[in-house]
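Below are the chains, spelled out letter by letter.
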Amino acid sequence: MTLTSIGDLAQNFQLRRDTARVNSDLSRLANELSSGLKSDIGAAVGGDYRALAGLERSLETLDAYGVAAAEAALATEASQNVLQRIGDGVGALANSLLLVQGLPDSQLLDTSTRDARSQFAAAVAGLNSSVAGRSIFAGQNFQGPALDDAETTLGNLFAAIGTPATANDVLTAVDAWFSPGGGFEATAYLGSGAPATPVRVADGIEVAALRQATDPEIVEALKGLATAALLDFGVLSGTPDERIALGRAAGERMLTAQDGLIDLQSEIGVVQERISRAQARNLAEQSSYDIARSDIVSADPYETATRLQSAEAQLRTLYVVTGRLSGLSLVNYLR
Amino acid sequence: MSISGSLNNALSGLAAASRSAQLVSNNVANALTEGYGRREITLSGRVLDGGGAGVRVDAVTRAVDQGVLRDRRFADASFGYALGKSTFLEKLSALVGTPEQDQSISGLFRSLESSLITAASRPDSDTRLSAVAAAASELAKAMNTASDGIQEERLNADRSIALLVERLNDGLQMVQEINAAISRLNGAGRDVTGLEDERQKVIDSIAEIVPVREVPRDDGKVSLYTEGGAILLDDSPVTVDFTPVNFVTADMTLGSGALSGVSVKGVPMATSGNFAPLGGGTLAAAFEVRDTLAPNAQAELDAVARDLVERFEDPAIDATTAAGAPGLFTDGPGVLLAPNEVGLAGRISLNATVDPARGGTLRLLRDGFGATIPGPVGDATLLSNFADALNQLRAPASGSQAGFGQTGHSLSANLSSNIAGDLAIAERGTGFAAAERQSLRELEFSGGVDTDQEMQKLLLIEQSYAANARVIQTIDALIGELLSI
């Protein structure tokens, strides 16, 4: 069918449709420019959200791991400080105790054992410290102290060793009390038997951030301090030679304990290093995932601005054309 | 008698000219009316005793291209069908959400996982435990909302089917009445073009519901058949029957008899499949939403819900509960049984034993659901196990992802992706149908009234009228000459 005429509505319909289309493009581009995000993300990912979903999940879990890692770092840092203080005290005491050679040094022995008693109390206080509201040496019992009151503990120990005759007897009794299953674990240690659960600080990386007061190195240090403190309680009071022997033995024990504490500290140091490596890895992953995500969802401002300008120009042209065409009617030319 | 003959000729010319002018004025007045068929006049020479005797108006016709009209109606129906489907898929995508939104199902999976990680770092913190409970509860509620939304769309589809069937029946009745009026007026030789305009409009509205073919019959009547071959109107209209329902739940289907289909005189009519009698228009789209698209979406959502429930029912996760005990998520108040999967997404909830809002105890998230005495507050084992369960590669038991091992989060991401993929395809289809419809409408409008051409005709009509009037004047002068003898 050959058209000899073209209906009025046809041209008008097309112009209206085109104007509407350009207008909606214009408002969409303006939106994208101001918000910085693409308005149709479904189209941007081609209907496949799996990559974007994976990125979003990774970013959110990395945030959570960041929190966990920071808390673990705080706990290990605090643990190091406590152990350092105990180790220093134990080392200084050991030095002074080992200077005690014979009867003329009984004065030195007395001051040293008094010092040991207060050092023991300080060690207990240190081991009972809590960071951000949780005990760091109580295993899984975050809410309470790791150890009972120092004086009570020493009193229990004093009562438990009975009336020994020689320094060796005292040492054997103290060893028995502090050994696993003995009086220390039963009465003095208030934490949990099981160690604290490892903390997840990154995908697939778990660290044991918390120690227990029942760790052998710590027990050795407490044992050394307690042995010396017993002398202040009046053990072996009738035999000054035995007292001196006990004092020296305590000093030797403390020296060994100090080495043990340093070993424990280096173990914790390894854990700290793992935590900070995990933190660094998390940060690196976060920034690269962030970049990948903004590649997908954000609208490039330069490109959007250019498209906005061309849409504006197109709309203006459309308006001019509409005006011109509406003037072309035969009616205007008849009379 | 040739003078009176000439007078008659001239008068017939005047009559034809004024009739033409009337048509031109009608056309110009209706230049903006959509669905108006441009009037054209057919003139032919009048013959008396074998000789020419003036002009006769043969007929007034509507210049409507039937081919374009038929194609445009079919495009309307296709567009309605495509739009019905893509509208539903858009709503579905909004219900489930897309992964970049934090409140989407995918986003809530993420918050559950991250709340478990931070709680495992400080299991002694009640704040962190209640964050876990809140995240799990929100995830379950989001699934409930999505499921409810899908069933509501089914109810809406059912309601719109009832409306469309009513409109279809009313439309067929109206066409029948107009047919009768047209055949009556045709018999009397009167102008039926106005009624034909009306009938075209009514059939246009029917054509959106079901694509129709218009077949001309005697006396200006028409018959209507659907593209699928069903008779809608042939001497008398059919009545399409449909029974709407008041509410729709996931287990109600066409197959179970709980929902009704369309039928004519008790014979059910299909709306989907090749050459379906009532397929291809908005009616078919509503049925597809109610009976195919929405139930499929519900099944996919139920499969994700089932995987979520079953993930946490693994007896290895919680040492304080026995095998078969409910895990972190439950089917309403109880354990999930496989046959009850339909509609699970609408019932899934956080296990009430750990939900403080329903009388549960928060610390059981750490101590174990079967723990009667409180355990150590620093024990993060169960919380870590929950996080591991969420991330374990597990093959879902049902749905389109069945058999493919994946984590909880990737299952939700796949759900969103599948919906987005379907939506993209449907939108492309709608876009194509819209473009086709636009261009056919434009083509139809091209055949409409062109005021420029009407003005040109008017010039000729003016000339013809003036010329005929001049002839009458001359004949009057001739008769005058004769009488003045």
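Anything mentioned here points back to the structure above.
Our subject in this report is the structure included herewith.

**Some details on the overall build of chain B**
What chain B contains, in helices and strands, is ten helices and eleven strands. Computed over C-alpha atoms, the radius of gyration of chain B comes to 36 Å, more than 25% over the 23 Å expected from 2.2 N^0.38 for 485 residues, which places it beyond the range of a compact globule. Along the three orthogonal principal directions, the C-alpha set of chain B runs to about 140 × 45 × 35 Å. When the 485 residues of chain B are sorted by exposure, 48% land in the buried category. By sequence separation, contacts in chain B at least 24 residues apart represent 64% of the contacts at least 6 residues apart.

**Some points on the sheet that holds strand β9 (residues 267–269) of chain B**
All names here are of chain B. Taking strand neighbours across the sheet as the criterion, the three strands line up as β7-β8-β9 in an open arrangement whose pairing is antiparallel. At either end of the open sheet lies a strand with only one pairing partner, and these are β7 (240–241) and β9. Relative to strand β8 (residues 262–264), β7 is paired through two bridges, and the arrangement is antiparallel. Among the inter-strand pairings, Val240 is bridged to a residue of β8, identified as Val264.

**Quick look at the interface of chain A and chain B**
Each partner contributes to the interface: chain A provides 46 residues, whereas chain B provides 54 residues. Carbon and sulfur atoms supply 57% of the area that chain A and chain B bury against each other, a total of about 4200 Å² over both sides. Our count for the contact surface shared by chain A and chain B stands at six salt bridges. For the side of chain A that touches chain B, the secondary-structure elements that each account for two or more residues are α1 (8–35), α3 (50–98) and β3 (199–202) of chain A. It is α3(A) that contributes the most residues to the side of chain A that touches chain B, 13 residues altogether. The class makeup of the residues in the side of chain A that touches chain B is 22 nonpolar, 13 polar and eleven charged.

**Quick word on the pairing of β3(A)**
Residue and element names in this part refer to chain A. Pairing of β3 with strand β4 (residues 205–207), which is carried by three bridges, proceeds in the antiparallel orientation. If you follow Arg200 over to β4, its bridge partner there is Glu206. The antiparallel hairpin formed by β3 and β4 contains two residues in its connecting segment, where Gly204 sits at a positive phi of about 80°.

**Here's the deal with the pairing of strand β1 (residues 38–48) of chain B**
Residue and element names in this part refer to chain B. Judged from the ten bridges that link them, β1 and strand β2 (residues 51–63) form a sheet pairing that is antiparallel. Within the sheet, the bridge partner assigned to Ile41 lies in β2 and is Val60. Hairpin connection of β1 to β2: two residues between the antiparallel strands, including Asp49 at a positive phi of 55°.

**Some remarks on the packing of helix α6 (residues 282–311) of chain B against helix α9 (residues 408–446) of chain B**
All names here are of chain B. Relative to each other, α6 and α9 sit at 175°, their axes nearing to 11 Å. Put simply, α6 runs roughly antiparallel to α9. Residues Glu300, Leu301, Val304, Asp307 and Arg311 of α6 touch α9, and the partners they reach there are Gly408, Leu411 and Leu415. The class makeup of the residues in the contact of α6 with α9 is four nonpolar, one polar and three charged.

**Regarding the packing of aromatic side chains**
A complete count under the given rule lists nine aromatic pairs over all chains for this structure. Residues Phe242(B) and Phe287(B) carry aromatic rings whose centres are separated by 6.1 Å and whose planes lie at 85° to one another, so their mutual orientation is edge-to-face. On the criterion of sequence distance, the pair formed by Phe242(B) in the loop between β7 and β8 and Phe287(B) in helix α6 is long-range, its members being 45 residues apart. Each residue in the set Phe312(B), Phe329(B), Phe369(B) and Phe386(B) is aromatic and connected to the rest through ring pairs, giving one cluster. Over the ring of Phe142(A) we find Arg134(A), and its NZ or CZ is 5.0 Å from the ring centre.

What counts and how
- Residues numbered from 1 in each chain as written.
- Chains lettered and ligands numbered in written order.
- Predicted model: local features only at pLDDT ≥ 70, side-chain atom pairs only at ≥ 80, totals over all residues.
- Heavy atoms only, no water.
- Helix = DSSP H or I, 4+ residues; strand = E, 2+ residues; numbered from the N terminus.
- Rg over C-alpha atoms; globule rule 2.2 N^0.38 Å.
- Buried < 20%, exposed > 50% of the residue type's maximum accessible area, 1.4 Å probe, protein only.
- Contact = heavy atoms within 4.5 Å.
- Pairing = 2+ DSSP bridges.
- Buried area = accessible area lost by both parts, 1.4 Å probe.
- Salt bridge = Lys/Arg side-chain N within 4 Å of Asp/Glu carboxyl O.
- Nonpolar A, V, L, I, M, F, W, Y, C, P; charged D, E, K, R; others polar.
- Axes fitted to C-alpha atoms, helices over the stretch in contact; angles between N-to-C directions.
- Parallel < 35°, antiparallel > 145°, perpendicular 65-115°, else oblique.
- Phe/Tyr/Trp six-rings, centres within 6.5 Å; stacked < 30°, edge-to-face > 60°.
- Lys NZ or Arg CZ within 6 Å of the ring centre and 35° of its normal.

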